[in-house]
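Remarks on the overall topology
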Amino acid sequence: MKKNILLCVAIISVFSFNIYSQKASLASADKKYDSYAYINAIKTYERVVEKGYKSAILYQKLGNAYYFNAELDKAAKWYGELFAMTTDLEPEYYFRYAQSLRSIGENNKANEIMNKFTELSNNDNRGQLFKKNQNYLDAIKENSGRYKIENAGINSKYSDYGTTIHNNKIYFATARDTGGLGHRKHSWTDQFFTNIYTADLGDEMTAGNPKKFNRSINTKFHEATPVFTKDGNTMYFTRNNYLEGKKGKDGNNVNLVKIYKSTLVDGKWTNTSELSFNSDNYSTAHPSLSQDEKTLYFASDMPGTLGQSDIFKVKINEDGSFGNPENLGNPINTSGRETFPHINDENELYFASDGHPGLGGLDIFVSKLNPSGSFNEVQNIGADANSQKDDFAYVIDTKSRRGFLSSNRDGGQGFDDIYNFLETKRLICEQLLYGEITDIESKILLPGTKLSLYDSQYNLVSTTTSDEKGNYSFAVECGKKYSVRAEKEDYTTIEEKVTIAKENGKTHFPLALEKAKCKVTVGDDLGKCFGIKMIYFDFDKSDIRVEAAIDLEKILDVMNEYPKMKLDIRSHTDSRGSSKYNESLSDRRAKSTIAWLIKNGINPNRLIGKGYGENQLVNQCSDGVKCTEEEHQMNRRSEFIITAL
């Protein structure tokens with residue numbers, strides 16, 4: 001982009017994941033209602049582990065349980081145990097462990113873990129502000145060839161740029177005024193200051209003859225990039241710090257630029273004033289209105305800018321006043337320049353940047369705004385739209401997929417030119433991620449479950465609640481990786497990863513939750529509280545294995561908590577092998593289980609049990625019936641039936 005565009009780039013130096021944590025109580029006191037007992041599985045896991053049993057899965061569950069509930073000091077303890085056992089873990093565990101360590105002041109160790117996280121996660125902006133992907137040109141190539149680009153037919157030999165579409169007209173900035181009283185050249189560029197021009201739009205966005213816009217708006221200094229409210233009665237635009245014949249300058253005697261507002265009254269633009277968050281000490285420029293006209297996006301180098309210039313947003317209050325500007329932060333802004341934002345009616349934010357990987361100079365990028373207010377991964381919109389020169393000021397009509405962009409690419413007519421385009425293929429492919437939330441044991445649907453969707457960088461994308469039928473859905477991007485977190489009272493929070501298909505459509509992703517507090521009564525199987533389907537023994541033996549001891553510790557812990565609880569321990573086999581042998585083997589195993597509990601302090605009067613062999617099959621897999629291994633597995637089970645509470 002040539003120097004005269006420094007109007008809002010060089011002259012003016014143009015321009016957080018809130019872990020939702022429902023503080024579900026992990027109360028140490030168990031409760032009783034009528035004949036029911038509420039078993040806190042997490043507390044049981046903790047007591048089991050503290051007795052010396054080591055299990056990576058238990059450590060993960062404990063660390064996650066405390067991390068999701070913002071008890072990071074406790075999470076640090078169990079993640080520490082997890083890392084002492086294994087370091088072959090997903091990168092996200094390194095991040096969580098580092099965050100937990102910082103909460104207890106172990107910053108040196110946290111830095112060590114974060115360094116490893118950065119190595120493992122490669123392109124995660126939590127590990128580093130921005131790390132260029134060495135294959136970014138392949139990604140740009142994949143996004144290319146989607147535009148038909150033509151000269152817009154309204155260019156001059158001077159600079160023309162920065163378009164807005166409104167009411168079947170195009171508005172743009174131009175330096176084509178070539179002299180006369182009241183017209184000045186900029187000393188840095190030897191170009192005339194820009195004014196706003198307009199032209200009617202015909203079929204296929206063809207522009208008619210340009211005409212100078214309203215005389216009360218254009219001055220002898222710079223005006224550019226207007227945007228209008230839908231009713232056409234309010235306009236925001238960029239202008240040098242100049243109002244009512246007076247120039248404002250910063251401490252270095254530089255005349256910066258500001259965003260101004262003007263209203264249409266009886267066909268005349270009046271009441272022109274600068275916005276309240278402007279300053280003589282920094283620049284604001286390139287306004288863009290959200291679809292509901294409650295948010296104004298703009299570029300600035302105000303305090304809090306991450307790089308040379310950033311994209312900001314500010315709330316427009318009902319009385320017309322403004323809130324405090326907010327930096328969009330990651331993933332939008334970098335240590336370079338971000339400028340010329342355009343938010344369309346589909347909540348796609350287009351902007352120009354030289355900080356994100358591009359083809360050269362400023363490139364045009366896009367990111368989807370999520371309902372939560374966060375932005376999806378930034379994508380380069382590809383060649384044709386982008387070149388090795390400066391490409392910027394992208395606007396699009398989402399119905400026709402036609403629009404305009406500005407560029408100083410080779411082959412143009414002036415310093416910067418306006419090009420019209422037709423987007424022939426959408427870049428942002430969308431899918432529907434949906435599923436049902438169920439109880440992992442009973443399979444009943446769970447309405448009222450809170451679900452949170454995170455992108456691959458663990459930025460919060462959106463939240464929802466399962467409906468009365470336990471269903472949920474999220475709008476997601478094709479080909480992306482997400483994590484879905486499900487939270488419900490009395491259930492253990494889970495977080496599962498999902499990869500979305502690369503074409504438009506739907507992705508089915510059901511989730512099952514495990515009860516954190518199991519509600520049990522006489523006749524229930526206590527083992528179901530902890531997902532104990534069977535107590536494992538070596539083949540043809542009845543000796544208690546280590547894996548079995550971990551599960552039995554859970555049963556032991558609950559029986560110690562409820563001294564009146566009695567159990568009937570039942571062991572079952574599948575139908576393979578002789579009926580007599582199966583009955584004998586299962587009986588020995590049931591008795592071994594009882595003996596282990598008695599050895600560890602349970603009164604024998606509280607325990608009965610026997611083996612049933614293949615006499616109580618839960619499906620059709622009897623002798624002579626062909627069944628899958630999974631079907632046989634359903635019959636090989638251990639039960640801990642509560643006979644008294």
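These figures come from a predicted structure and were not determined experimentally.

Points about the overall build of the chain
When helices and strands are tallied, the chain shows nine helices and 36 strands. Relative to its 645 residues, the chain shows a buried fraction of 53%. Approximately 29,700 Å² of the chain is accessible, and the part contributed by carbon and sulfur atoms is 46%.

Quick look at the packing of aromatic side chains
According to the stated counting rule, one finds 26 aromatic pairs in the structure shown. An angle of 45° between the planes, with centres 4.7 Å apart, marks the rings of Tyr171 and Phe228 as tilted. Remark: Phe228 occurs in strand β8 (residues 223-228) and Tyr171 occurs in strand β5 (residues 169-174); sequence separation between them is 57 residues. Pair check on accessibility: Tyr171 and Phe228 agree, each one buried. Judged by centre distance (6.0 Å) and plane angle (25°), the rings of Phe351 and Phe365 are stacked. Taken together, the residues Phe351 in strand β19 (residues 348-353) and Phe365 in strand β20 (residues 363-368) connect sequence positions 14 residues apart. By the burial criterion, Phe351 is buried, and Phe365 matches it. Among the aromatic residues, ring-to-ring pairing joins Tyr236, Phe277, Phe298, Phe312 and Phe322 into one connected group.

Details of the environment of Pro91
Along the chain, the position of Pro91 falls in helix α4 (residues 91-103). When its relative accessible area of 28% is taken as the criterion, Pro91 is described as partly exposed. For the pair formed by Pro91 and Thr118, sequence separation is 27 residues and the distance between their alpha carbons is 8.4 Å.

A look at the sheet that holds strand β17 (residues 326-327)
Ordered in space as β14-β15-β16-β17, the four strands form an open sheet in which the pairing is antiparallel. Bordering the open sheet on either side are β14 (284-289) and β17, each of which pairs with just one other strand. In this structure, β14 lies alongside strand β15 (residues 295-300), joined through four bridges in antiparallel fashion. The residue of β15 that forms the bridge with Ala285 is Ala299.

Re helix α5 (residues 107-121)
With 15 residues, α5 extends 20 Å from end C-alpha to end C-alpha; this agrees with the ideal 21 Å at 1.5 Å per step. Turning to α5, its buried residues are Ala110, Ile113, Met114, Phe117, Thr118 and Ser121. Angular distribution of buried residues about the axis of α5 spans 150°; they occupy a single face of the element. In α5, those exposed residues whose orientation departs by more than 90 degrees from the buried face are Asn108, Glu112, Asn115 and Glu119. Phi turns positive one or two residues past the end of α5, at Asn122, with a value near 60°.

A word on the confidence of the model for the chain
Confidence along the chain averages 83 in pLDDT terms, with 85% of residues attaining 70 or more. Within the chain, the element-level pLDDT minimum falls on strand β1 (residues 32-33), averaging 30, and the maximum on β15, averaging 97. When the criterion is pLDDT under 50, residues 1-35 qualifies, and its contacts beyond four places in sequence or with other chains add up to 117 contacts. Per-residue pLDDT stays below 50 along residues 129-134; that stretch engages in eight contacts with residues further than four places along the chain or on separate chains.

Quick notes on the environment of Tyr297
Note on placement: Tyr297 falls in strand β15. As a C-alpha pair, Tyr297 and Pro325 span 28 residues in sequence and 9.1 Å in three-dimensional space. What Tyr297 contacts, discounting residues up to four positions off in sequence, is His286, Pro287, Ser288, Ser290, Phe312, Lys313, Leu328, Pro341, Ile343, Leu369 and Phe375.

Re the nonpolar core
Leu526, Leu567 and Phe640 are the most contacted members of the largest nonpolar core, which has 55 residues in total. Sort the elements by how many residues they give to this core and helix α7 (residues 546-561) lands first, with eight residues. Look past the residues within four positions of Phe640 in its chain and what remains in contact with it is Asp524, Asp525, Leu526, Gly527, Ile532, Ile535, Leu552, Ile555, Leu567, Asp568, Ile569 and Thr593. In terms of nonpolar packing, the next biggest core, distinct from the first, is built from 19 residues, Leu453, Val476, Leu511 and Leu513 among them.

Digging into the side chain of Ser483
Tracing the sequence through the fold places Ser483 in strand β29 (residues 481-487). When its relative accessible area of 2% is taken as the criterion, Ser483 is described as buried. A polar side-chain atom of Ser483 sits 3.3 Å from a polar atom in the side chain of Tyr458. Contacts of Ser483, omitting those with residues within four sequence positions, involve Ser452, Leu453, Tyr454, Tyr458, Glu495, Glu496 and Lys497.

Observations regarding the pattern of salt bridges
Applying the stated criterion to the full structure yields 30 salt bridges. A salt bridge links Asp345 to Lys399; the nearest nitrogen and oxygen atoms lie 3.1 Å apart. In this pair, Asp345 sits in the loop between β18 (338-343) and β19 while Lys399 sits in the loop between β22 (391-397) and β23 (402-407), placing the two residues 54 residues apart along the sequence. Residue Asp345 is classed as partly exposed on the basis of its relative accessible area of 33%. Ionic pairing is found between Glu346 and Arg426, a salt bridge with its closest N-O pair at 3.0 Å. Of this pair, Glu346 sits in the loop between β18 and β19 while Arg426 sits in the loop between β24 (417-423) and β25 (430-439), placing them 80 residues apart in sequence. For Arg426, a relative accessible area of 34% puts it in the partly exposed group. One salt-bridge network, held together by shared partners, links Arg146, Glu346, Glu348, Arg401, Glu423 and Arg426.

Observations regarding the sheet that holds β5
Within the open sheet, the four strands sit side by side as β4-β5-β6-β7. Their pairing is antiparallel. The strands lining the two open edges of the sheet, one partner per strand, are β4 (160-166) and β7 (211-212). Pairing analysis gives two bridges linking strand β6 (residues 195-200) to β7, with the strands arranged antiparallel. Directly across from Tyr197, in β7, lies its bridge partner Lys212.

Brief notes about the pairing of strand β35 (residues 607-613)
Bridge count for strand β34 (residues 566-572) against β35 is six bridges, and the pairing is parallel. The residue bridging Asp568 from the neighbouring strand is Ile608, located in β35. Read from β34 through helix α8 (residues 579-599) to β35, the crossover connection turns out right-handed.

A short note on unusual backbone geometry
That bond from Asn330 to Pro331 is cis: its omega, 5°, falls within 30 degrees of zero. Looking at the secondary structure, you find Pro331 in the loop between β17 and β18. Unlike most non-glycine residues, Asn271 shows phi in positive territory, near 55°. Residue placement: Asn271 occurs in strand β13 (residues 268-274). A positive phi angle, close to 80°, is found at Asp384, a residue other than glycine. Here Asp384 is to be found in the loop between β21 (379-380) and β22.

Definitions and limits used
Residues numbered from 1 in each chain as written. Predicted model: local features only at pLDDT ≥ 70, side-chain atom pairs only at ≥ 80, totals over all residues. Heavy atoms only, no water. Helix = DSSP H or I, 4+ residues; strand = E, 2+ residues; numbered from the N terminus. Buried < 20%, exposed > 50% of the residue type's maximum accessible area, 1.4 Å probe, protein only. Areas by Shrake-Rupley, 256 points an atom, 1.4 Å probe, with all protein chains shown as cover. Phe/Tyr/Trp six-rings, centres within 6.5 Å; stacked < 30°, edge-to-face > 60°. Pairing = 2+ DSSP bridges. Expected span 1.5 Å × (residues − 1). Arc of directions from axis to C-beta. pLDDT = per-residue confidence, 0-100. Contact = heavy atoms within 4.5 Å. Core = buried A, V, L, I, M, F, W, Y, C linked by side-chain atoms within 4.5 Å. Polar contact = N/O pair within 3.5 Å; in protein donor to acceptor, adjacent residues only side chain to side chain. Salt bridge = Lys/Arg side-chain N within 4 Å of Asp/Glu carboxyl O. Right-handed = clockwise from strand over helix to strand, strands pointing away.

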